[in-house]
Amino acid sequence: MNRQPLSAGNTHDYTYDNTYENPYVDYARMDALHGLAAPRTGARAELQFILISQVKELLFRMVHVEVDAARRELRADRPDAACRALGRGVRNQRVLIGCWESMNTLTVDEFLGFREVLGEASGTQSFMYRLLEFTLGNRGTSMVRSTDFEAFPELRAELDRPSLYDEALRWLARSGLPVPERLTTRDPSTPYEPDPAVETAWAAVYRDPDTHRAAHDLAEQLLEAAYQFSCWRATHLLVVERMLGAKPGTGGSDGAAWLRKINEHRFFPELWTMRSAL
Ligand code: HEM
């Protein structure tokens, strides 16, 4: 008999005896999965907050896996396969955004009922979210603590690889579009700076989509991924206003005001700005 507590808090504190054979539970380690929710209060709302946060973390990973696959396909000159991977990532991004619906069932008083136990825990410390941002191409490190790089070496390793956007620009150049060499050979560990030459290259694709069909398809998938990411950020901001008003965040920022600045960032910036030139 090996009874595993399925929740360390006192809300719905089930146990599960994993000495009994159960192929479903054993295959995907459902007992371990449910054992991961450890509320610090007895509040039902806190259990929900933890569970939906865990669901989101898993979805960050699912989106990252597809973005990473898309990057590999581009490197191998397979833009169609890259678009399919991005398409799946985008569908998972939509699920991520849908998760805010669950968070929004918490009333402000219910949230404040357990907020104190979060201590300094904040989404800024999510290593999987940061890995996803780095892989897509947002490589600012100011919010990453040095200890997070130590704890999750994949983050540092990711900074040394060309991002998805770097690979997209390299592929555009190999396809004959005028992307300057300074961009295809740039140091991937430094933040990407928008470049007018890239804007011109994307604009050429949109002015003649039939000639540049593969590049146009890729541009649309990239834009959709960027759009969904910005929708996630925008909805997060609304949830934060709903829960905190103008109060500071647990991670030390001034809360909604800081997130409003973050909301201005766009992945694949020239895909947005070149629209003015069309
Ligand atoms: C009631 C729910 C939530 C509130 C009130 C909230 C609040 C905040 C605040 C105020 C910040 C700014 C940094 C700070 O000072 O902490 C932040 C950042 C962040 N939160 Fe949330 N959050 C909530 C739910 C979530 C969930 C469920 C996730 C995903 C698992 C999440 C992921 C993030 C991430 C990734 C950041 C960093 C954004 C960036 O650096 O670009 N948050 N959150």
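Given the structure is predicted, the values throughout are model-derived calculations rather than measurements. (Residues numbered from 1 in each chain as written. Predicted model: local features only at pLDDT ≥ 70, side-chain atom pairs only at ≥ 80, totals over all residues. Heavy atoms only, no water.)

**Observations regarding the overall build of the chain**
Looking only at helices and strands, the chain has 14 helices and 2 strands in total. Over its C-alpha atoms, taken along the principal directions, the chain stretches across nearly 65 × 50 × 35 Å. The contacts in the chain between residues at least 6 apart in sequence include a share of 67% that link residues at least 24 apart. With the model as given, the accessible surface of the chain reaches about 14,600 Å², and the carbon-plus-sulfur share is 54%. Looking at charge distribution, the chain has the averaged site of its 33 positive side-chain charges lying 1 Å from that of its 39 negative ones. (Helix = DSSP H or I, 4+ residues; strand = E, 2+ residues; numbered from the N terminus. Contact = heavy atoms within 4.5 Å. Areas by Shrake-Rupley, 256 points an atom, 1.4 Å probe, with all protein chains shown as cover. Lys, Arg positive; Asp, Glu negative; His and termini not counted. Charge placed at Lys NZ, Arg CZ, Asp CG, Glu CD.)

**Considerations on a nonpolar patch on the surface**
A surface patch of nonpolar side chains, amounting to about 280 Å² of accessible area, comprises Leu33, Leu36 and Leu58. Tracing the sequence through the fold places Leu36 in the loop between α2 (30–35) and α3 (44–75). (Patch = residues over 30% accessible without salt bridge, like charges linked within 9 Å, V, L, I, M, F, W, Y side chains within 5 Å. Salt bridge = Lys/Arg side-chain N within 4 Å of Asp/Glu carboxyl O.)

**Regarding the site of the ligand**
Near the ligand you find 26 residues, and of these Ser122, Arg130, His236, Gly251 and Ser253 are the closest. For the ligand, an oxygen atom lies 2.7 Å from a polar atom in the side chain of Ser122. Side-chain polar atom of His236 to a nitrogen atom of the ligand: 3.0 Å apart, as the coordinates give it. Secondary-structure elements contributing two or more residues to the shell around the ligand are α3, α4 (79–103), α6 (127–136), α12 (213–244) and α13 (256–262). Take the shell around the ligand: its biggest share by element is 5 residues, from α12. (Near = heavy atom within 4 Å. Polar contact = N/O pair within 3.5 Å; in protein donor to acceptor, adjacent residues only side chain to side chain.)

**Details of the environment of Tyr192**
Within the secondary structure layout, Tyr192 lies in the loop between α10 (181–184) and α11 (196–207). Along the primary structure Tyr192 and Ala277 are separated by 85 residues, whereas in three dimensions their C-alpha atoms are 21 Å apart. With sequence-adjacent residues up to four places away left out, Tyr192 is seen in contact with Gly137, Tyr165, Asp166, Leu169, Leu183, Arg186, Val198, Pro269 and Glu270. Within the structure, the side chain of Tyr192 is placed 2.6 Å from the side chain of Glu270, a separation counted as a polar contact.

**Quick notes on the packing of α11 against α12**
For the pair α11 and α12, the least separation of the axes is 9 Å and the interaxial angle reads 115°. With respect to α12, the axis of α11 lies roughly perpendicular. Between α11 and α12 the crossing geometry is left-handed. Along its contact with α11, which presents Trp202, Val205 and Tyr206, the element α12 presents Ala215, His216, Ala219, Glu220 and Leu222. Classifying every residue of the contact of α11 with α12 by side-chain character gives 6 nonpolar, 1 polar and 1 charged. (Axes fitted to C-alpha atoms, helices over the stretch in contact; angles between N-to-C directions. Parallel < 35°, antiparallel > 145°, perpendicular 65-115°, else oblique. Left-handed = near helix turned anticlockwise from the far one by under 90°. Nonpolar A, V, L, I, M, F, W, Y, C, P; charged D, E, K, R; others polar.)

**Looking at the coordination of the iron atom of the ligand**
Within the protein, just one atom coordinates the iron atom of the ligand: His236 (NE2), at a distance of 2.2 Å. For His236, the position within the fold is in helix α12. (Donors = N, O, S within 2.8 Å, 3.2 Å for Na, K, Ca; no water.)

**Some words on the domain arrangement of the chain**
Split into domains, the chain comes out as domain 1 (1–38) and domain 2 (43–277). If you average the C-alpha positions of domain 1 and of domain 2, the two centres end up 33 Å apart. Where domain 1 packs against domain 2, one counts 0 salt bridges. The interface formed by domain 1 and domain 2 holds 1 residue pair in polar contact (both at pLDDT 80 or more) in total. Split into classes, the residues belonging to the side of domain 1 that touches domain 2 amount to 3 nonpolar, 2 polar and no charged. (Domains from an automatic or database assignment.)

**Things to note about the nonpolar core**
Grouped together as the largest cluster of nonpolar side chains are 69 residues, with contacts concentrated most on Leu164, Trp202, Leu222 and Phe268. Among the elements that take part in this core, α12 stands out by supplying 13 residues, more than any other. Setting aside chain neighbours within four positions, we find Leu164 in contact with Val67, Ala70, Arg71, Leu74, Leu86, Thr135, Leu136, Leu222 and Phe268. (Core = buried A, V, L, I, M, F, W, Y, C linked by side-chain atoms within 4.5 Å. Buried < 20%, exposed > 50% of the residue type's maximum accessible area, 1.4 Å probe, protein only.)

**With respect to helix α5 (residues 108–115)**
Regarding α5, the residues found buried are Phe111, Phe114 and Arg115. Relative to the axis of α5, the buried residues are bounded by an arc of 115° and lie together on one face. Exposed positions of α5 whose direction lies more than 90 degrees from the buried face are Asp109 and Gly113. The inward-facing, buried residues of α5 abut α3 and α12. (Arc of directions from axis to C-beta.)

**As for the state of the cysteines**
Overall, the coordinates contain 0 disulfides when judged by the stated rule. Among the cysteines around Cys83, which has no disulfide bond, Cys231 carries the closest sulfur, lying 19 Å off. The cysteine Cys99 is free of any disulfide, with Cys231 supplying the nearest cysteine sulfur at 14 Å. (Disulfide = S-S within 2.5 Å.)

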